[in-house]
Amino acid sequence: MSSDEEEENQDTEEEGSEGFGMGVASDLEEDSEKGSDDEGSGEDVEMEGTADEDEETDEEQEVVEDQDEEQDDSDVDSDEDTAVEKARKDVFFAAESSLPASAKNGELDPSLPTTFTQMSLSRPILRAVTALGLNTPTPIQAKAIPLALLGRDILGSAVTGSGKTAAFMLPILERLNYREKNKAAIRVLVICPTRELAVQCFQVGTSLVEKGGMDIRLCEIVGGMSLAKQAQELRLLPDILIATPGRLIDHLNNTPSFTLSALDILVLDEADRMLEVGFEDELNEIIRQCPRKRQTMLFSATMTDKVDELVKLSLDRPVRIFVDPKRATAKNLVQEFVKVRERQSGG
């Protein structure tokens with residue numbers, strides 16, 4: 001090979017090696033630049049993701065703030081509703097601050113009378129309760145009797161067997177002892193849901209009158225008895241009338257000259273039971289026929305919406321008395337039932 005050819009080959013190899021080396025460097029530079037671009041784009045993505053997360057966090061915080069505002073608004077509305085309801089009740093019911101200490105609903109209030117002699121009752125009444133063995137007043141009696149003697153309207157919630165019959169009967173007899181005896185009139189009306197309860201109330205009142213030697217006449221008007229005989233008794237104008245709603249309405253509509261225009265005291269005993277058995281219309285009619293100026297005592301074991309409507313219709317700024325609201329019956333009351341078999345024919 002000539003010297004000229006060797007020089008050409010060397011030049012060619014140098015150019016090739018230089019070209020290969022330059023190509024790799026350029027590729028590496030391009031890859032490096034591309035990588036840096038990718039890293040930059042990755043950083044952009046991360047920045048965008050962070051921004052999105054910040055936006056989502058802001059949105060969630062705004063939602064939480066909105067919920068808090070809604071909760072605050074609902075709390076405010078609830079407080080306003082409670083305040084309105086309380087104001088309504090304060091207007092309708094008598095304020096406890098205006099009542100004697102014995103009338104307030106504190107648990108075991110030491111100011112409550114512990115004996116009947118502390119209630120300023122007359123001697124005939126004290127003689128009657130002593131003869132019947134009523135030594136210590138029950139909670140409903142200790143709270144209701146002083147208020148009833150003041151002529152206040154009463155809304156009492158007491159369980160069966162708590163002594164509520166004596167709670168309204170004793171102050172009624174006390175007031176009747178000082179009535180104008182030369183003017184005969186039906187002054188007291190006691191309405192009971194069933195015949196059995198009316199008979200029981202009549203027996204309690206009669207026993208108190210007899211044991212106390214009081215000149216007070218009672219009459220019971222219930223179903224299952226002669227209408228003509230009851231009408232005759234009504235003409236004699238008894239002082240206390242004890243009746244069931246249905247039979248009383250019957251006499252108001254059909255017995256001549258029988259009215260409730262001279263009534264001083266109205267008692268609705270176990271009002272919730274009367275409403276449960278469908279006496280709502282009868283009770284509304286009876287209340288409408290009673291004088292507006294009267295004392296009303298309503299007793300109910302439960303306080304339903306219908307009872308609340310009856311309270312609004314019949315009572316005037318009543319005093320609320322609640323005794324043993326969690327009990328269905330009195331603590332020491334014994335309840336029994338008798339199972340009766342149907343008699344077979346020919347037996």
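Calculation rules
Positions within a chain are numbered from 1, following the residues in the order the chain's sequence is written. Totals for whole chains, interfaces and linings use all residues, but because this is a predicted model, local features are given only for residues with pLDDT of at least 70 and pairs of side-chain atoms are given and counted only at 80 or more. The side-chain numbers reported here are obtained from all heavy atoms of the structure, hydrogens and water having been left aside. Only one rule defines a salt bridge in this text: a Lys or Arg side-chain nitrogen within 4 Å of an Asp or Glu carboxyl oxygen. Helix and strand definitions follow DSSP, with helices as H or I runs of at least four residues and strands as E runs of at least two, each counted in order from the N terminus. Three exposure classes are used, based on accessible area relative to the maximum for each residue type with a 1.4 Å probe and protein chains only: buried under 20%, partly exposed in between, and exposed over 50%. Any helix carries an expected span of 1.5 Å times its number of residues minus one. Arc definition: it is the arc formed by the directions from the helix axis to the C-beta atoms. Two residues qualify as a contact provided that any one of their heavy atoms is within 4.5 Å of a heavy atom in the partner residue. Here a Phe, Tyr or Trp ring, Trp counted by its six-membered ring, pairs with any other such ring whose centre lies within 6.5 Å, and the pair is stacked when the planes are under 30 degrees apart, edge-to-face when over 60, and tilted otherwise. To define a nonpolar core, start from buried Ala, Val, Leu, Ile, Met, Phe, Trp, Tyr and Cys residues and group those joined through side-chain atoms within 4.5 Å. A strand pair is defined by DSSP finding two or more bridges across the two strands. Angles shown run from 0 to 180 degrees and are taken between the N-to-C directions of axes, each axis being a line fitted to C-alpha atoms and, for helices, limited to the stretch in contact. Working rule for angles: under 35 degrees goes down as roughly parallel, over 145 as roughly antiparallel, 65 to 115 as roughly perpendicular, anything else as oblique. Handedness of a crossing follows from how the near helix is turned relative to the far one, being left-handed for an anticlockwise turn of less than a right angle and right-handed for a clockwise one.

1. Concerning the pattern of salt bridges
Pairing is possible between side chains of opposite charge, provided their charged atoms come close.
Then, number 1: Summed over all chains, the structure comprises nine salt bridges.
Then, number 2: The partner of Arg187 in a salt bridge is Asp264, and the shortest N-O contact between them spans 3.7 Å. Of this pair, Arg187 sits in the loop between helix H4 (164–176) and strand E2 (188–191) while Asp264 sits in the loop between helix H7 (245–254) and strand E5 (265–268); the two residues are 77 residues apart in sequence, bridging distant segments of the chain.
Then, number 3: Residue Asp264 is classed as partly exposed on the basis of its relative accessible area of 32%.
Then, number 4: Put simply, Lys164, Asp269, Glu270 and Arg273 are held in one network by salt bridges that share partners.

2. Here we look at helix H5 (residues 195–212)
Then, number 1: Its 18 residues give H5 an end-to-end C-alpha distance of 26 Å, which sits within 8% of 26 Å, the value for a rise of 1.5 Å per residue.
Then, number 2: Taken together, the buried positions of H5 are Leu197, Ala198, Cys201, Gly205, Leu208, Val209 and Gly212. Each buried residue of H5 sits inside an arc of 105 degrees when the element is viewed along its axis, so together they form one side. Facing away from the buried side of H5 by over 90 degrees, the exposed positions are Glu196 and Glu210.
Then, number 3: On the buried face of H5, the contacting elements are helix H2 (123–131), H4, E2, strand E3 (218–221), strand E4 (240–243) and helix H8 (271–276).
Then, number 4: Trailing H5 by a residue or two, Gly213 shows a phi angle of about 65 degrees, which is positive.

3. Some details on the packing of aromatic side chains
Aromatic ring pairs are reported here in terms of the distance separating the ring centres and the angle at which the planes meet.
Then, number 1: Going through the model one piece at a time under the given rule, you end up with one aromatic pair.
Then, number 2: Seen from their ring centres, Phe168 and Phe299 are 5.7 Å apart, and the 40 degrees between their planes marks the pair as tilted. Here Phe299 lies in strand E6 (residues 295–299) and Phe168 lies in helix H4, a separation of 131 residues in the sequence.

4. Digging into the nonpolar core
Then, number 1: Ranked by size, the top nonpolar core spans 42 residues in total, and within it Phe168, Ile172, Leu173, Ile240, Ile242 and Met297 carry the most contacts.
Then, number 2: With eight residues, the top contributor of residues to this core is H4.
Then, number 3: Leave out the neighbours within four places in its chain, and Phe168 touches Val190, Cys201, Val267, Asp269, Met297 and Phe299.
Then, number 4: If you look at the next biggest cluster of nonpolar residues, it comprises 30 residues, including Leu155, Leu252, Leu275 and Ile286.

5. Here's the deal with the sheet that holds strand E7 (residues 319–322)
Then, number 1: Pairing within the open sheet is parallel, and its seven strands lie in the order E3-E4-E2-E5-E6-E1-E7. Strands at the two margins of the open sheet, each flanked by one partner only, are E3 and E7. Across the sheet, the mean angle from the axis of one strand to that of its neighbour is 15 degrees, orientation sign disregarded.
Then, number 2: Bridging between strand E1 (residues 154–157) and E6 involves three bridges; their strand directions are parallel. When the sheet's bridge partners are listed, Ile154 is paired in E6 with Met297.

6. Remarks on the pairing of E2
Then, number 1: Burial along E2 is two-sided: Val188 and Val190 and Leu189 and Ile191, pointing in opposite directions, are all buried.
Then, number 2: Pairing of E2 with E4, which is carried by four bridges, proceeds in the parallel orientation. Looking across to E4, one finds that Ile191 is bridged to Ala243.

7. Considering H4
Then, number 1: The end-to-end C-alpha distance of H4, which contains 13 residues, comes to 19 Å, matching closely the 18 Å that a straight helix rising 1.5 Å per residue would cover.
Then, number 2: In terms of burial, H4 is largely enclosed, as twelve of its 13 residues are buried.
Then, number 3: Burial in H4 covers these residues: Lys164, Thr165, Ala166, Ala167, Phe168, Met169, Leu170, Pro171, Ile172, Leu173, Glu174 and Leu176.

8. A look at the packing of H4 against H5
Then, number 1: Relative to each other, H4 and H5 sit at 45 degrees, their axes nearing to 10 Å. Viewed along their axes, H4 and H5 adopt a mutual orientation that is oblique. Seen along the crossing, H4 lies across H5 with a hand that is right-handed. Here H4 contributes Thr165, Phe168, Met169, Leu170 and Leu173 to the contact with H5, which in turn contributes Cys201, Val204, Gly205, Leu208 and Val209.

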